[in-house]
Amino acid sequence: DADALYEEEKCAFGPFACLCCCCNVTKYIFTHMQMPSFSLMPQIYSVWPGKMSMKECFDSQRSQGSMTKWILRVLGWLLLWIGLN
């Protein structure tokens, strides 16, 4: 369900929730934009060496995604700061 995915992924924590408004709008668009031949829903296209359980694969994806998300957020804020100075 697109609404459940959006609620799970949106950034809404404490006093900084207003700073993530653009991120939340983008997440909403990516989770709700559906067409018959085009979908923006997240997909997993990864390969792991050896034998792993499904839970281990999802945990690996989740940690990698979380790290990537925070690196891109920090990089984005750094570029905004540089651009405004």
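Worth saying up front: this structure is predicted, and the values here are computed from it rather than measured.

The predicted model of the protein chain has a mean per-residue pLDDT of 82, with 87% of residues at 70 or higher. Predicted confidence in the protein chain is weakest over strand S2 (residues 38-39), with a mean pLDDT of 62, and strongest over helix H3 (residues 54-84), with 91.

So, on to the pattern of salt bridges. Summed over all chains, the structure comprises two salt bridges. Close ionic contact of Asp59 with Lys55 constitutes a salt bridge, the shortest N to O distance being 2.9 Å. Residue Asp59 and its partner Lys55 are located together in helix H3, separated by four residues, close to a single helical turn. Close ionic contact of Asp59 with Arg62 constitutes a salt bridge, the shortest N to O distance being 3.2 Å. You can see Asp59 and its partner Arg62 sitting in helix H3, three residues apart, about one turn around the helix. Each of Lys55, Asp59 and Arg62 takes part in salt bridges that share partners, so that together they form one network.

Cut-off values and rules
- Residues numbered from 1 in each chain as written.
- Predicted model: local features only at pLDDT ≥ 70, side-chain atom pairs only at ≥ 80, totals over all residues.
- Heavy atoms only, no water.
- pLDDT = per-residue confidence, 0-100.
- Helix = DSSP H or I, 4+ residues; strand = E, 2+ residues; numbered from the N terminus.
- Salt bridge = Lys/Arg side-chain N within 4 Å of Asp/Glu carboxyl O.

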